[in-house]
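# A closer look at the structure
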Amino acid sequence: MEKLSEGAESILYAAEIAGIPAVVKDRVVKSYRARALDDEIRSRRTKSEARILARASAAGVKVPKVLMLGEHQIFIERLDGGTLNAIVQEGKAKKEQLEWIFLESGRRLAELHALDIAHGDYTPANIMVSSSGVFVIDFGLAEVTKSSEEKALDLLLMKRSVSRKLYRIFLSSYSATFSDAEAITERLEEIEKRGRYQTRTLVTG
Ligand SMILES: Nc1ncnc2c1ncn2[C@@H]1O[C@H](COP(=O)(O)OP(=O)(O)O)[C@@H](O)[C@H]1O
Ligand SMILES: [Mg+2]
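Residues numbered from 1 in each chain as written. Chains lettered and ligands numbered in written order. Predicted model: local features only at pLDDT ≥ 70, side-chain atom pairs only at ≥ 80, totals over all residues. Heavy atoms only, no water.

## Regarding the domain arrangement of the chain
- As far as domains go, the chain holds domain 1 (2-77) and domain 2 (82-194).
- Between domain 1 and domain 2, the C-alpha centre-to-centre distance is 22 Å.
- Each partner contributes to the interface: domain 1 provides 14 residues, whereas domain 2 provides 17 residues.
- Of the roughly 1,300 Å² buried between domain 1 and domain 2 on both sides combined, carbon and sulfur atoms contribute 68%.
- The largest contributions to the domain 1 side of the interface with domain 2 come from I52, R55 and K62, which together make up 45% of the buried area.
- Here domain 1 and domain 2 share 1 salt bridge between them.
- Here D138 makes a salt bridge to K25, at a shortest N to O gap of 3.0 Å.
- Our enumeration of links across domain 1 and domain 2 arrives at 6 residue pairs in polar contact (both at pLDDT 80 or more). (Domains from an automatic or database assignment. Contact = heavy atoms within 4.5 Å. Buried area = accessible area lost by both parts, 1.4 Å probe. Salt bridge = Lys/Arg side-chain N within 4 Å of Asp/Glu carboxyl O. Polar contact = N/O pair within 3.5 Å; in protein donor to acceptor, adjacent residues only side chain to side chain.)

Here's what the structure looks like:
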């Protein structure tokens, strides 16, 4: 299988299921953990990611569909296109196109938060721009929660990952889409005043 990406926890391969283009996200063995514990952790995270993807999918949010679930592997619908991170880095996108993508990214987060899904790693590296729209990927750190703190942290991470201007565009559609947005942005201000999470720096890639 062709390797698409290798992260700290998982390797992604291109695959095909019954002719449908897929990716396999395979959570790799961490040899520093005792084997039984490692198996359990990988299994738990795999199930959690699949469950949250399914929850978002069922509500009509643009996330890739789960095609099949193994003990430590998820087979996910393969999207065409690339990550928003790659698009921003390349610097070739037209201004209007980039603005539209950030408006859509704000909408996607609003839709997830309305379902009480906090993403946990909402950066341009985990947003894909495909021919059928702007999709959210990588629910490996996601949680189902009502916590405004967790939701505010999604905003904070995006804020720290992009220019002020793009963040403002992102936030405008987030606020217009999510009825509870004001409470979340207030929480964000409070977090920033507290000065917590300053060591949570950005990991994109
Ligand atoms: N459904 C998908 N379709 C196409 N490419 C994908 C898909 N999911 C992930 N990728 C590619 O694999 C990379 C890593 O996937 P991701 O789920 O973010 O794993 P990690 O936890 O390692 O960050 C992404 O940045 C993207 O380039
Ligand atoms: Mg990722």
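We are not done yet, so read on.
## Side note on the site of ligand 1
- Taken together, the neighbourhood of ligand 1 is formed by 16 residues, with K25, E77, L79, N126 and D138 sitting nearest.
- In the environment of ligand 1, an oxygen atom lies 2.9 Å from a nitrogen or oxygen atom belonging to the side chain of K25.
- Secondary structure elements with two or more residues in the shell around ligand 1: strand 2 (10-17) and strand 3 (20-27).
- Of the residues contributing to the shell around ligand 1, the split by class is 7 nonpolar, 5 polar and 4 charged.
- When we break the shell around ligand 1 down by domain, the ones giving at least three residues each are domain 1 (2-77) and domain 2 (82-194). (Near = heavy atom within 4 Å. Helix = DSSP H or I, 4+ residues; strand = E, 2+ residues; numbered from the N terminus. Nonpolar A, V, L, I, M, F, W, Y, C, P; charged D, E, K, R; others polar.)

## Structural notes on the coordination of the magnesium ion (ligand 2)
- Taken together, N126 (OD1) and D138 (OD) make up the protein donors of the magnesium ion (ligand 2), found 2.2 to 2.3 Å from the metal. Separated by 12 residues along the polypeptide, N126 in the loop between strand 7 (117-118) and strand 8 (127-130) and D138 in the loop between strand 9 (133-136) and strand 10 (143-144) bring together distant segments of the chain. (Donors = N, O, S within 2.8 Å, 3.2 Å for Na, K, Ca; no water.)

## Topic: the pattern of salt bridges
- Enumeration according to the criterion identifies 23 salt bridges in this entry.
- K3 is the partner of E6 in a salt bridge, and the nearest nitrogen-oxygen pair spans 2.8 Å.
- For E6, a relative accessible area of 53% gives the class exposed.
- With relative accessibility at 45%, the residue K3 sits in the partly exposed group.
- For E192, the salt bridge goes to K159, with nearest N and O atoms at 3.1 Å. With E192 in helix 6 (residues 181-194) and K159 in helix 4 (residues 148-161), this pair connects stretches of sequence that are 33 residues apart. (Buried < 20%, exposed > 50% of the residue type's maximum accessible area, 1.4 Å probe, protein only.)

## Some remarks on the sheet that holds strand 2
- Taking strand neighbours across the sheet as the criterion, the 5 strands line up as 1-2-3-5-4 in an open arrangement whose pairing is antiparallel. Since the sheet does not close on itself, it has two edges, and those belong to strand 1 (2-6) and strand 4 (66-69), each with one partner. Taken over all neighbouring pairs, the strand axes of this sheet differ in orientation by 25° on average, direction set aside.
- The pairing of strand 1 with strand 2 spans 4 bridges and is classified as antiparallel. Looking at the pairing, E6 lines up with I11 of strand 2. (Pairing = 2+ DSSP bridges. Axes fitted to C-alpha atoms, helices over the stretch in contact; angles between N-to-C directions.)

## Here's the deal with the sheet that holds strand 8
- Strands sit in the order 6-8-9 across an open sheet of 3 strands; the sheet is antiparallel. Pairing within the sheet leaves two strands with one partner each, and these edge strands are strand 6 (82-83) and strand 9.
- Bridge count between strand 6 and strand 8: 2 bridges; the pairing is antiparallel. In the strand pairing of strand 8, T83 is matched with M128.
- Packing of helix 3 (residues 95-114) onto the sheet brings it into contact with strand 8 and strand 9, and relative to strand 9 it is tilted by some 45°.

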